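Architecture and fold: a report
Residue-level listing of the chains:
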Amino acid sequence: NTVRMLCDWCKKNGYEFPKFSKVKPAEDFKQEILKKEKLTDIKNLFFQKVEIPGLNVSFIGYDETETEAKMQASFKALNYFNKLEMKKEVENPNFENAINQLNILVAKSYIEKPKYIFTKKDSKWECVCLVENQKSTLSVDKSKNLATKKSALKMINQLIDLTVE
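Quick look at the structure, then. (Residues numbered from 1 in each chain as written. Predicted model: local features only at pLDDT ≥ 70, side-chain atom pairs only at ≥ 80, totals over all residues. Heavy atoms only, no water.)

Observations regarding the sheet that holds strand S3 (residues 58-63)
Read from one edge of the open sheet, three strands run S1-S2-S3, paired in antiparallel fashion. The outermost strands of the open sheet, each flanked by one partner alone, are strand S1 (19-22) and S3. Averaged over neighbouring strand pairs, the angle between their axes works out to 25 degrees when direction is ignored. Pairing analysis gives six bridges linking strand S2 (residues 46-51) to S3, with the strands arranged antiparallel. If you follow Phe47 over to S3, its bridge partner there is Tyr62. Running at roughly 50 degrees to S3, helix H2 (residues 27-37) makes contact with S2 and S3 of the sheet. Contacts from helix H3 (residues 66-90) reach S1, S2 and S3 within the one sheet, and its direction differs from that of S3 by about 140 degrees. (Pairing = 2+ DSSP bridges. Helix = DSSP H or I, 4+ residues; strand = E, 2+ residues; numbered from the N terminus. Axes fitted to C-alpha atoms, helices over the stretch in contact; angles between N-to-C directions. Contact = heavy atoms within 4.5 Å.)

Worth remembering: the numbers are spatial, not functional.
Structural data, given as structure tokens:
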């Protein structure tokens, strides 16, 4: 259960337990949900906000039950904190070390081992980097090695994107 996992994360990292509260979504958020979920009305949805005392972030989950809304908010929080931890591991994502930095995330069990698929087109190499449960990244360059590094760096940046959904 994601609520329990979030509580465990807080305890492990020295934070107080998360605080959940019912929230009424802002109008622009309602419109975003209607569009995203292809709904005509949100009156049957519950909204829950989770905050971790001591951190300046909060996450809102929504679903057809209060429990599911709490779980969704917890999932968003856990995803965010996981990205923060990955960002700490790679410190400064950079082109020269991108492949090694991805391998660090593999060694620390954040991700599965990436797969690289190469295609030679004209005088250039295409490299697709695949990591399980992630969108693939594509780069093209004159050398196979450069295309691989570019694709790996794109993957790292995607993995540690801290944009809160």
